[in-house]
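# Inside the fold
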Amino acid sequence: TEPLSSDWMPVQVFCEKCKCDTTVVDGWDGEWGISYRCSSCGHQGNPDLRTTDCAKLPWRIDWPMRWSREGVDFEPAGKDHHSEGGSFDTAKKIVKEVYGAEPPVTFQYDFVRIKGRGGKISSSSGEVVSLVDVLEVYTPEVTRFIFAGTRPNTEFAISFDLDVLKIYEDYEKCERLYFTEAESEKARKKKEKSDRIYELSQVDQVPSVMPYQIPIRHLCNLLQVHDGNVDAVIDSLGDVSPDQSERFRMKAACAWNWIRQFAPEDFRFAVKTGSEQPVDVSPEEKTALQGMLSLVRGMDSMDEKAVAEAIYAVARESGIEPADLFTVTYRALIGKEKGPRLASFIKTLGRKKCEAILAAYADKV
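The structure contained in this document is the topic of the report that follows.

Quick notes on the rules
- Residues numbered from 1 in each chain as written.
- Predicted model: local features only at pLDDT ≥ 70, side-chain atom pairs only at ≥ 80, totals over all residues.
- Heavy atoms only, no water.
- Patch = residues over 30% accessible without salt bridge, like charges linked within 9 Å, V, L, I, M, F, W, Y side chains within 5 Å.
- Areas by Shrake-Rupley, 256 points an atom, 1.4 Å probe, with all protein chains shown as cover.
- Salt bridge = Lys/Arg side-chain N within 4 Å of Asp/Glu carboxyl O.
- Helix = DSSP H or I, 4+ residues; strand = E, 2+ residues; numbered from the N terminus.
- Buried < 20%, exposed > 50% of the residue type's maximum accessible area, 1.4 Å probe, protein only.
- Pairing = 2+ DSSP bridges.
- Contact = heavy atoms within 4.5 Å.
- Core = buried A, V, L, I, M, F, W, Y, C linked by side-chain atoms within 4.5 Å.
- Phe/Tyr/Trp six-rings, centres within 6.5 Å; stacked < 30°, edge-to-face > 60°.
- Lys NZ or Arg CZ within 6 Å of the ring centre and 35° of its normal.

### A word on a nonpolar patch on the surface
There is a patch of nonpolar side chains on the surface, built from F74, V105, F107 and Y109 and spanning about 390 Å² of accessible area. Within the element layout of this structure, Y109 appears in strand β7 (residues 108-109). Classification of Y109 as partly exposed rests on a relative accessible area of 37%.

The following block contains the structure:
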């Protein structure tokens, strides 16, 4: 280890005049007085350490001082502090030899990253995501799940990209398992761990019955179909009970925030109203859209699988490839060449909305 210079002082000073830390401490009277000079503005000062607010201990000395002063007996820290020769190593020696105290028990944790941006979350580098930011996209329970379900010494990311969908899916899988009886010893052991994660994820208390579950992708589609109107989404589902409503609304609000602020462009869509100018289509495509119009007029009694089979039948009868039928139908409905799974999507839109849009292509070629 390189020795400290002979004039080194265990104190840092901010200039009392210009507030910069470009100072050099060049004197100590042996008690409470120090002298310094500022290389930025030229100011020279002689503060009293007992009363000044412009002096502080360097980090590696300040940390063990606080252990001793505040009686700290446990303090976890990041892996950078725990590296060999790092600040925890030096602080352990300083707290014993300088302050006459014992270092606290510690635990090493790893970094939390922001998905899609380089590096770790760090206030010093400006890479900061606050809890308020996270709660814009994740419900409180899912936010806690991200941490409760990850070992402290494992690096992980807080994601705002498409991983958001998987995290919600993982949480709800954990939730379903909690409200399901294990059928074997192996399943029970797996369930014990999963159940504890679920319990730690709850903010207040564990629900007595399973909250309303809807796949996050389907919820995002419903929200976009209804332009973010949660009441309309609840009405369309028809089976959200009053005691499930609060959590559902919170999840819907987070999903809508994610759609508007972070979802990839090809994930977003806005359903046409039927009053817009129809898109330009070829005669074959127009025939296919007329076939789709006939399909939606009779789909109320059909399930999703039957609708999917009928879509392929329309493509065959119209003489175009299924992929081309998907493309022109998306263009007609949402003005984009791709969208949600088509059979599910038109069932979600419903007969009236689809008919209002596709009726514009009903004229014969």
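### Digging into the pairing of strand β2 (residues 23-28)
In terms of strand pairing, β2 meets strand β3 (residues 34-38) through five bridges, oriented antiparallel. Across the sheet, the residue bridging to T23 is C38, located in β3. Between the end of β2 and the start of β3, which pair antiparallel, lie five residues, with G30 showing a positive phi angle near 90°.

### Some remarks on helix α14 (residues 342-349)
In terms of burial, α14 is largely enclosed, as seven of its eight residues are buried. Looking at the buried residues of α14, the elements they touch are α8 (216-225), α11 (283-297), α12 (304-318), α13 (322-334) and α15 (351-358). Once α14 finishes, G350 follows within two positions and takes phi at roughly 90°, a positive value.

### Looking at the nonpolar core
Core analysis: the biggest nonpolar cluster contains 40 residues, and Y138, L219, C220, L223, F248 and W258 have the highest contact counts within it. Among the secondary structure elements, those contributing two or more residues to this core are β8 (112-114), α5 (140-148), β9 (156-158), α6 (163-178), α7 (185-201), α8, α9 (230-237) and α10 (242-261). Tallying contributions element by element places α10 first for this core, with seven residues. V279, L293, I334 and L358 belong to the second-largest nonpolar core, a separate cluster that totals 33 residues.

### Considerations on the sheet that holds strand β4 (residues 44-45)
The strands making up a sheet are joined through hydrogen bonds of the backbone, oriented either antiparallel or parallel. Pairing within the open sheet is antiparallel, and its three strands lie in the order β2-β3-β4. The two strands at the open ends of the sheet, each matched to only one other strand, are β2 and β4. Where β3 lies against β4, two bridges are found, and the strand directions are antiparallel. Looking at β4, one finds that Y36 is bridged to G45.

### What to know about the packing of aromatic side chains
Geometry of an aromatic ring pair is reported as the spacing of the ring centres plus the angle between the planes. Tallied over the full model, the rule gives 15 aromatic pairs. Between W63 and W67, the aromatic rings sit 4.9 Å apart at their centres with planes inclined by 55°, giving tilted as the arrangement. Taken together, the residues W63 and W67, both in helix α1 (residues 59-70) and four residues apart, mark about one turn of the helix. Like W63, the residue W67 is buried in the burial classification. An aromatic cluster is built from F145, Y171, Y178, F179 and Y198, whose rings are joined through pairwise contacts. Stacked on the ring of Y178, the Lys or Arg K191 has its end atom at 5.6 Å from the ring centre.

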